[in-house]
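What follows is each chain in one-letter form.
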Amino acid sequence: MGLKETLKQKIEEHRPRTAKLMKEHGDVKIGEVTIEQAIGGARSVKCLVTDISYLDPEEGIRFRGKTIDETFACLPKVPGKGYPSVEAFWYFLLTGEAPTAQQAEEVIADFKARSQVPQYVIDVLRALPRDSHPMAMFSAAIVAMQRESKFSAYYKSGKFNKMNAWEPMYEESTDLLAKLPAIGAYIYRMKYKGDQHIPSNPDLDFGGNFAHMMGVDAPYDDVARMYFILHSDHESGNVSAHTTHLVASALSDAYYSLSAGINGLAGPLHGLANEEVLRWTQGFMEKLGGAEPTEELIEKALWDTLNSGQVIPGYGHAVLRKTDPRYTSQREFCLNTEGLKDYPLFKLVSMIYKVAPGVLTKQGKAKNPWPNVDAQSGVIQWYYGVTEYDFYTVLFGIGRAIGVLANITWDRALGYPIERPKSVTTAMLEKWAADA
Ligand code: CMX
């Protein structure tokens, strides 16, 4: 069975579970909301449902019930390479089943057939001021393709059936995802490589073709596969995933929804932190002026950052309470890669890892003093020659698209309604506080 048929079967198996919960157990309480949570960004309020991934505060992310290592181990690797294809992972996220090598090949072929970026998207990118942020370019390119939407066409067809709405959503999510490597690489080479472009290679998978179009040699193809998979999903409450889900809940199509999610990812407290880490590190190195970094100097620079009212990028998390396993996975990649393990920037990032948790603990504000995914990802990019850190959040965005598009396909499959939490006034909170 191919991906779409397997997904259909999974959806049909799953629907009665959701229907039963709503019909027979809809009034079972799963949490309560405090004033602190209402004002404080709904932290820990349990009001979203997804089966694509789950984030345990102590353990970190599991994709479809599997840890990062288990995920990499269960998926077929690209022949001759160290990592699975993004296409195999897409199959896994959508269905919860690891594809066979043959099934993964079929998805790779399907992606290829959908990967051509329309010329007008290139025209839109070229029309933007060249100093636009790459995330603004990426988001604009995605929303520009809205006219291709199969979901919107289906909605307007007069034959809209909620039970079938997942199909056009699945189709256009795949259409969109398949084009993102070429869009990302185009932005990169237009902005930073003299506007010299490298045509797509139809023999390569998602990650391999991205590396090829970026103009970066192996093993950057494996780095791309690892990076996109690690950044794909972090359950539903983070800004990019939640925004994509929220916008899609109004029956907006995948283009509108993903573009919105990407705009959320562009914030410095979210995905942009991976650029900020490199900006911070480079700024620190410049100040050192060639002197050897020491733990004392790092500690001072971290305190300077905190005392100037800024956050330490790449540290802290709203849910996690330990070192992010996505950080650890990338750190292990560095430690196991000849050249990278002794790379000065990696050594510096490792030194920051030794010092920053202590500084944040001493400051006593951050609930989690440990590093998140963003503290480690830029070093690897830098090592392989992608040093334009303004671009790093686009890499995150390509990865994040995999998870959020799988999620909105399932949102439509399970008929989730428009999202509409209730707001209250400050006076109401004051009254409840007085009455408590
Ligand atoms: N440096 C300095 N202060 C930090 C901090 C950090 N890395 N992390 C948290 N704090 C501060 C918060 O700003 C907050 O201060 P105020 O009370 O003055 O507002 C206080 O500690 C409590 O925050 P928290 O409950 O621990 O963390 P939040 O859930 O509010 O925020 C996050 C989570 C990620 C936004 C925050 O840790 C942060 O700003 N980290 C740095 C940016 C970053 O790395 N973001 C990437 C996260 C992963 C991703 O989405 O890509």
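Attention in this report is confined to the structure presented alongside it.

**Looking at the packing of helix α14 (residues 273–288) against helix α19 (residues 392–413)**
Then comes step 1: It is at 7 Å that the axes of α14 and α19 come closest, and there the two elements cross at 150°. By the criterion of interaxial angle, the relationship of α14 to α19 is roughly antiparallel. The hand of the α14/α19 crossing is right-handed. In this structure, α14 contributes Asn 274, Glu 275 and Leu 278 to the contact, and α19 contributes Tyr 392, Thr 393 and Phe 396.
Then comes step 2: Looking at the contact of α14 with α19 residue by residue, the class counts come to 3 nonpolar, 2 polar and 1 charged.

**Some points on the packing of helix α7 (residues 134–144) against α19**
The description of two packed helices rests on the angle between their axes and on the distance between the axes.
Then comes step 1: Closest axis-to-axis distance for the α7/α19 pair is 8 Å, and the angle between their directions is 35°. The two elements α7 and α19 meet at a crossing, and its hand is right-handed. Across the interface between the two elements, Pro 134, Met 135 and Phe 138 from α7 touch Thr 393, Val 394 and Gly 397 from α19.
Then comes step 2: Along the lines of polarity and charge, the residues of the contact of α7 with α19 split into 4 nonpolar, 2 polar and no charged.

**Considering the pairing of strand β1 (residues 53–56)**
Then comes step 1: Pairing geometry for β1 and strand β2 (residues 60–63), over 4 bridges, is antiparallel. Residue Asp 56 lies in a different strand from β2, and its bridge partner there is Gly 60.
Then comes step 2: Hairpin connection of β1 to β2: 3 residues between the antiparallel strands.

**Here's the deal with helix α17 (residues 344–363)**
Then comes step 1: The terminal C-alpha atoms of α17, which comprises 20 residues, lie 28 Å apart, in line with the 28 Å expected from a rise of 1.5 Å per residue.
Then comes step 2: Of the positions making up α17, those classed as buried are Phe 346, Val 349, Ile 352, Ala 356, Val 359 and Leu 360.
Then comes step 3: Where α17 is buried, its residues contact α14, α15 (295–307), α16 (325–335) and α18 (374–383).
Then comes step 4: Positioned one or two residues after α17, Gly 364 has a phi angle of 80°, which is positive.

Reading the values: rules and limits
- Residues numbered from 1 in each chain as written.
- Predicted model: local features only at pLDDT ≥ 70, side-chain atom pairs only at ≥ 80, totals over all residues.
- Axes fitted to C-alpha atoms, helices over the stretch in contact; angles between N-to-C directions.
- Helix = DSSP H or I, 4+ residues; strand = E, 2+ residues; numbered from the N terminus.
- Parallel < 35°, antiparallel > 145°, perpendicular 65-115°, else oblique.
- Left-handed = near helix turned anticlockwise from the far one by under 90°.
- Contact = placed C-beta atoms within 7 Å.
- Nonpolar A, V, L, I, M, F, W, Y, C, P; charged D, E, K, R; others polar.
- Pairing = 2+ DSSP bridges.
- Expected span 1.5 Å × (residues − 1).
- Buried ≥ 20, exposed ≤ 12 C-beta atoms within 10 Å, placed from the backbone.

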